[in-house]
Amino acid sequence: MSALPHPEARPEGELDELRRLWNPPKGIRFITVINNNYIGVFYVGTAFLFFVLAGILALLMRTQLAVPENDFVGPELYNQLFTMHGTIMMFLFAVPAVEAMGILLLPNMLGARDLPFPRLSAYAFWAYFVGGLVFFASIFVGWAPQGGWFMNPPLTTERFSPGFNADFWLLGIGFIEISAIAGAIEIIVGVLRTRSPGMTLGRMPLYAWAILVFALMIVFAFPAVIAATMLLELERAFGWPFFRAEVGGDPLLWQHLFWFFGHPEVYIIFLPAAGMVSMIVPTMAQTPMVGYRLVVLALVATAFLSFGLWVHHMFATGIPQLSLSFFQAASTAVAIPAGIQVFAWIATLAGGRVQLNTPTLFVLGFLFTFVLGGLTGVMVAVIPFDWQAHDTYFVVAHLHYVLIGGMVFPLFAAFYYWMPYTSKHALSERVGRWVFGLVFIGFHLTFFPMHITGLDGMPRRVYTYPAGYGWETLNLLSTVGAYMIAAGVLLFLIDLARRFRMSSEENAGNVWNAGTLEWLPNGNYSNRSIPIVTSREPLWDQPNLAEDVDAGRYYLPNAPTGGRETIITSPVEAKPQFLLRMPMPGWAPLVAAWFTAGFFLLLTVKLVVPALISGVIAVAGIMYWGWHLDPEPIREPVDVGGGIKLPAYMSGPVSQAWWAVVVLLLVAASIYGCAVFSYLYLWTVSPGFWPAADALPGPVFPLATAALFVASSLALGLANRRLKANRLRGMGVAMGVGLVLLVGAVALELYAQRDLSPSESAYGAAVYLLASLAGFYTVVVSMMAFFALARAATGRLGPVRRVTFDNVRLFWHYTVGQSLVGLALVHGFPRLVG
């Protein structure tokens, strides 16, 4: 690759064409915009709205607790307040906020035109926006959940929580997690496949590393809470007794699944915030980050260790001593990679000339607060101390020191740091210092006294307390501090309203003299041209880079195919591989998102027929959206500059769609893994409810079912060969035969279990859960197969244009593999242990 693909000046008409293609739609169609710079701002703004709403709920709670024996709110409303506060902060603010920042920042930071699936980002946002607002509104009609943000059964089963309240949490939050997974897929493929040429993994910004690890953690952690909500909703709606001990269930199964998600979520929230700090600190010190490789290693190590900590939250549940010892050690060990990052930040600040401005103040506040939260984290990792502090206000204090210290302070630093990137004006430095002072002092005034009230025995999640225990003054101080935080946030919002004026081409610019690509001159099309990267801080190390990029002297200075495009590069070395033609704005993602939200929310209030209609419309919207993807291949390679011509179409493992489907299947495998874990866990706690070997269906049933599954995969292989030979009729026949075999296999397994009831025992529920998952994926594969056949019938599928078929293959073979695992478990495991 030459250093300057287009040394000559570019025609002005090229820039006008880029503006025309990438400008957002006008009028009412503006809401169909899919550009990352708009969707990212919408996403961040909505997340901050939920932060404010959850904060208002917190103020109501603190007002109630300001004095003993207060009657400002009653116990039932208080239960709803703390449940909604925790749920909104964790599910509707923290994870969406950091994911939204990734969608906003990554394309420019990586030097791409946009992330590879902009419509998926739009779908994720609108689903989150509609679902989140309806979920919050449930508190105004008395339907808000009141079982805590963790929703532990048996309190949340139908027997003890009748009505819609718990269902709003289960279906609403389960659905919102699907939105988060959609954003994670976008981020993973975007970071690995859309980096600027030359931006190897070793030159990638630390924020990109952090957000990549964050998205991978979502892929493996969030399925656990989706599985948990699915199990509890099945018990509430259909009586499948996963959590009823008298028929072989166990309430602790919920805690294992929930905390397998819940503790990694702390680091899912922290790691992107740490990535933001790792971008801000070098800029404010005007020196490269100390220990870049060690920080990357620390990010990966934190993610890995976080999945071994979930029992940290279950020390008081009667876990065996050996397990307690292991999880105590793991809970302590995770402090090591966090410490590496803290010392790297301190060393970088010490090695430069620090600018003491508002972003720096929030970073320093983060370091002080997060380190204190980490120290109390080590304390509650010690089992005897945890038993003493469990369910007291000490844990509330620790939780907020880690989450607000580790995520909210860096987020405010990021708002002040990146505001000039997306707005015509930076936020006021003078007002920012007041915001920091109010939030920092208010935070410690609120939460530090809770350590003392907790050690003095004040339990958490109580709506009032009696006088005379010595808690009065400390609670009053906490309430005063909460209002100070609110004053700081209000001042920030006033300054935001005064100063924020969204603009791409007329933004305030690189006011901090930062070294990374997001500070290049940009517009709705991201950068005028896609640069070659030769270092980690290209704006510091490559003279005239900003001028040359803005003059269109690098790759893709125009729109050679007449539409929106970006360059797809190799995942490790970032070598250009092909030109991705990107979709234009449209209504389909919005319709799909709105009606997906409608399906889940209508199902929550038991309006089954309207829910099904909404689901059908959502599926139709997704299919219409997918119909216009996978464009007609351009036969000749396209000139992108520097003598490089790239293909404008790619299928198979090089394709970005293939990568997205593989990530989605990792999510599916994680959900199925949780179902398998549930089956095995319930067997360990109630083996007496599992049948003896001679009570199982005869071996002919599982063998015949397995043969049908394998035969369906073989039929799909034949269809693939027919497609390669351009024999579309033969491909269709082979796919049809394969679908019959696949559906027949699921039907045969259900027939084999015809005498088993899923509502009579946990064993029956676990067996039908595995069979239901096989049936669900068979339905999905069938819909995808008919979609592919329809494209073939209309000339949109062939030996070259085959991305749709490749996606079907991946899903089909995964469904067969998953189903074979289920067969072996259901029919083989009881015989093995019997």
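**Student:** Please clarify how a nonpolar patch on the surface should be interpreted in this entry.
**Tutor:** Among the surface-exposed residues, Ile28, Trp587, Trp594, Phe595, Val609, Ile613 and Ile617 lie close enough to one another that they form a single nonpolar patch of about 650 Å² accessible area. Elements represented by at least two residues in the nonpolar patch include exactly helix H18 (588–604) and helix H19 (608–627). Per-element accounting of the nonpolar patch gives the leading share, 3 residues, to H19. Looking at the element boundaries, tryptophan 594 is found in helix H18.

**Student:** Just checking my understanding: could you explain the packing of aromatic side chains for this structure?
**Tutor:** Two numbers describe a pair of aromatic rings. These are the distance of the centres and the angle of the planes. What the rule picks out here adds up to 74 aromatic pairs. For the ring pair tryptophan 169 and phenylalanine 258, a centre distance of 6.4 Å and an interplane angle of 45° mean the geometry is tilted. In this pair, tryptophan 169 is assigned in helix H5 (residues 165–193) and phenylalanine 258 in helix H7 (residues 252–285), connecting sequence segments 89 residues apart. By the burial criterion, tryptophan 169 is buried, and phenylalanine 258 matches it. When the centroid spacing of 6.0 Å and the interplanar angle of 85° are considered together, the rings of phenylalanine 409 and phenylalanine 443 count as edge-to-face. With phenylalanine 409 in helix H13 (residues 393–422) and phenylalanine 443 in helix H14 (residues 429–455), the pair connects residues that are 34 residues apart, well separated along the chain. On the accessibility criterion, phenylalanine 443 (1% relative accessible area) is buried. Across from the ring centre of tryptophan 627, 5.4 Å away, lies the NZ or CZ of arginine 791, which sits over that ring.

**Student:** Could you clarify how one ought to interpret the pattern of salt bridges in this entry?
**Tutor:** Side-chain pairs of opposite charge can arise where the charged atoms are in close proximity. Per the counting criterion, the structure on display carries 15 salt bridges. Notably, a salt bridge pairs aspartate 16 with arginine 19, separated by 3.6 Å at the nearest N-O pair. One end of the pair, aspartate 16, and the other, arginine 19, are both in helix H1 (residues 12–22), 3 residues apart, so they sit about a helical turn from each other. Beyond isolated ion pairs, a larger network of salt bridges with shared partners links Glu158, Asp167, Arg236 and Lys606.

Basis of the calculations
Residues numbered from 1 in each chain as written. Predicted model: local features only at pLDDT ≥ 70, side-chain atom pairs only at ≥ 80, totals over all residues. Heavy atoms only, no water. Patch = residues over 30% accessible without salt bridge, like charges linked within 9 Å, V, L, I, M, F, W, Y side chains within 5 Å. Areas by Shrake-Rupley, 256 points an atom, 1.4 Å probe, with all protein chains shown as cover. Salt bridge = Lys/Arg side-chain N within 4 Å of Asp/Glu carboxyl O. Helix = DSSP H or I, 4+ residues; strand = E, 2+ residues; numbered from the N terminus. Phe/Tyr/Trp six-rings, centres within 6.5 Å; stacked < 30°, edge-to-face > 60°. Buried < 20%, exposed > 50% of the residue type's maximum accessible area, 1.4 Å probe, protein only. Lys NZ or Arg CZ within 6 Å of the ring centre and 35° of its normal.

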